[in-house]
Amino acid sequence: MVAEIQPTTDPKPPAAAATTSLPVTTAATSTVTAKKLTLIPLIFLIYFEVAGGPYGEEPAVLAAGPLLAILGFLIFPFIWSVPEALITAELSTAYPGNGGFVIWADRAFGPFAGSMMGTWKWLSGVINIASFPVLCIDYLQNLFPVLASRWPRHVGLIVSTVCLSFLNYTGLAIVGYAAVALGVVSLAPFAILSVAAIPKIRPHRWISLGDKGVKKDWNLFFNTLFWNLNFWDSVSTLAGEVDDPRKTFPLGLFVAVIFTCLAYLIPLIAATGAVSVPQGDWQQGFMAVVAEMIVGKWLKIWIELGAALSAMGLFEAQMSSCAYQVEGMAEIGFLPKFFAVRSKWFNTPWLAILIATLITLGVSYLQFDVIVASANFLYSLGMLLEFAAFVWLRRKLPELKRPYKVPLNIAGLIVMCLVPSAFLVVIMAIATKTVYLISGVMTAGGILWYFLMRLCKAKKWFAFNRDGNEIGEDE
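Residues numbered from 1 in each chain as written. Predicted model: local features only at pLDDT ≥ 70, side-chain atom pairs only at ≥ 80, totals over all residues. Heavy atoms only, no water.

1. Quick look at the pattern of salt bridges
Per the counting criterion, the structure on display carries 6 salt bridges. The closest approach of N and O atoms between Asp233 and Lys121, which form a salt bridge, is 2.2 Å. Taken together, the residues Asp233 in the loop between α9 (218-229) and α10 (245-274) and Lys121 in helix α6 (residues 111-143) connect sequence positions 112 residues apart. Side by side, Asp233 and Lys121 carry an identical accessibility label, which is buried. Put simply, Glu386 and Lys121 hold a salt bridge, and the shortest N to O gap is 2.7 Å. (Salt bridge = Lys/Arg side-chain N within 4 Å of Asp/Glu carboxyl O. Helix = DSSP H or I, 4+ residues; strand = E, 2+ residues; numbered from the N terminus. Buried < 20%, exposed > 50% of the residue type's maximum accessible area, 1.4 Å probe, protein only.)

2. A few points about helix α2 (residues 39-50)
Given 3.6 residues to a turn, an α-helix orients residues that are three or four positions apart in the same direction. Over its 12 residues, α2 extends 17 Å from the first C-alpha to the last, a length consistent with the 16 Å expected when each residue adds 1.5 Å. Burial of α2 is extensive: 10 of the 12 residues sit out of reach of the surface. Contacts from the buried residues of α2 go to α8 (172-197), α9, α10 and α12 (297-331). Gly52 lies just past α2 and shows a positive phi near 90 degrees. (Expected span 1.5 Å × (residues − 1). Contact = heavy atoms within 4.5 Å.)

3. Looking at the environment of Ala130
With respect to the element layout, Ala130 can be found in helix α6. Ala130 gets classed as buried once you look at its relative accessible area, which sits at 0%. Contacts of Ala130, omitting those with residues within four sequence positions, involve Thr360, Val363 and Ser364.

4. Quick notes on the packing of aromatic side chains
Evaluation of the coordinates by the stated rule reveals 27 aromatic pairs. With 5.1 Å between their ring centres and 80 degrees between their planes, Phe112 and Tyr450 make a pair best called edge-to-face. One end of the pair, Phe112, is in helix α6; the other, Tyr450, is in helix α16 (residues 433-459), and 338 residues separate them in sequence. The structure contains a cluster of three or more aromatic residues connected by ring pairs, namely Phe76, Trp80, Trp218, Phe221, Phe222, Phe226, Tyr379, Phe387 and Phe423. The side chain of Lys121 reaches across the aromatic face of Phe101, ending 4.3 Å from its centre. We note Arg150 situated over the ring of Trp151; from NZ or CZ to the ring centre the distance is 5.4 Å. (Phe/Tyr/Trp six-rings, centres within 6.5 Å; stacked < 30°, edge-to-face > 60°. Lys NZ or Arg CZ within 6 Å of the ring centre and 35° of its normal.)

5. Topic: the packing of α10 against helix α11 (residues 286-294)
At a minimum axis separation of 11 Å, α10 and α11 run at an interaxial angle of 60 degrees. The orientation of α10 relative to α11 falls into the category oblique. With respect to the hand of their crossing, α10 and α11 are arranged in left-handed fashion. Between α10 and α11, the residues in contact are Pro267, Leu268, Ala271 and Ala274 and Met287, Val290 and Ile294, respectively. A breakdown of the residues in the contact of α10 with α11 according to their chemical character gives 7 nonpolar, no polar and no charged. (Axes fitted to C-alpha atoms, helices over the stretch in contact; angles between N-to-C directions. Parallel < 35°, antiparallel > 145°, perpendicular 65-115°, else oblique. Left-handed = near helix turned anticlockwise from the far one by under 90°. Nonpolar A, V, L, I, M, F, W, Y, C, P; charged D, E, K, R; others polar.)

6. Digging into helix α15 (residues 410-429)
Counted at 1.5 Å a residue, the expected span for α15 with its 20 residues is 28 Å, and the 28 Å between its end C-alpha atoms agrees. Along α15, the sharpest kink reaches roughly 25 degrees, centred on Leu418 and followed within four residues by the proline Pro420. Of all the residues in α15, the buried ones are Gly412, Leu413, Met416, Cys417, Pro420, Ser421, Phe423, Leu424, Ile427 and Met428. Measuring from the side-chain oxygen of the N-cap residue of α15 to the backbone nitrogen of Ala411 gives 3.3 Å; that N-cap residue is Asn409. (Bend = angle between axes of the 7 residues up to and from the residue. Polar contact = N/O pair within 3.5 Å; in protein donor to acceptor, adjacent residues only side chain to side chain.)

7. Points about the environment of Gly333
One can find Gly333 in the loop between α12 and α13 (350-363). For Gly333 and Pro111, which are 222 residues apart along the polypeptide, the C-alpha to C-alpha distance reads 9.8 Å.

Bear in mind that shape data such as this cannot, by itself, settle questions of function.
This is the structure we're talking about:
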């Protein structure tokens, strides 16, 4: 599935190629040297960008029964996760800057497309981030019932969001190693559950389509799959912070795809095969109940604590992507220079982290299903643009240096992108009126923001960066 990686050996490319490649973006405004992300922390950061563990897969069983849930988590990675990861590997190694997918859209279709990509992906990211403190509190209230009350819950959301944002402020290397620790601790109880479930597994339970008379909830089913297996490209906005990204990125993505899929499938197969319960019991967090049924209360408590830790890891990974995306957009001229300001102590984009934190706090008070569906809709808009940019860049810039290249021609790439694109259309078609309204208002805001930035440049109200390729400028 992964083509041979051919690292670039010539540090000074010809002039023709130089116009179609970007340097790694680094901070030049701080005297602190930031540590680069290495392979293992990168794998776990990608893992937390996408999944964070089997937490949250239970609604797929609730919506469509064990068989379709298992098939969904088995098949969906091949039609969605693998293509998205391959695209991210190719374009992140071709353009290893913190702008990520914003650079890709700009290079393919111009500054308006780049700006809208930035708007859709950033808003979907911060909306998605808001779901993780909610998940964390939902799991912890099983252990501490006081968190179910109104004011303790609000205080818990605020405190958890602020503390997790501060950890992000301390540096990406710290966040990366924290992701490794959080990943090990949060996945360990599922490994125990999966092994302990083996003697209790009855294979006939896997082929159940759900309880008789229970209608399939396709909206919930597809949104659950999509929410649990998307955001592979979010890590592209950290490319400038990765050690030797042209080599490290493809390998990290390849390992993370396999790791993530197994982390979902193995516990799901074990749990659905080992217990026979009404379909309606498969609510969010039911895996902890299954652990108590099979092993004991101590494992239930561990999974509930692990869920909180997983939510922390998800928060950290996606907050990093959103923050470095803003910094990258400032570095390449889509936003004023001051958005790229870094901390003198930790060399992190503190203003970008602060902005994302404030918006996350505001969104976290929406209903959880609205948060997820709105994030999915905006992300779908961005992904349709990303697929188009990927194919068009192959045609527009065939000589672009691609240290990793998906081993398909243009026709093959179109086919690879059409299947997940069709799924995106389905996700958008089944959205609710509330989601259409939220997404429409935010898209309109993104359009207005683009023209506001053009006006600010023309009037010179703020200082903007202009790199050698004039990204973000009209040709």
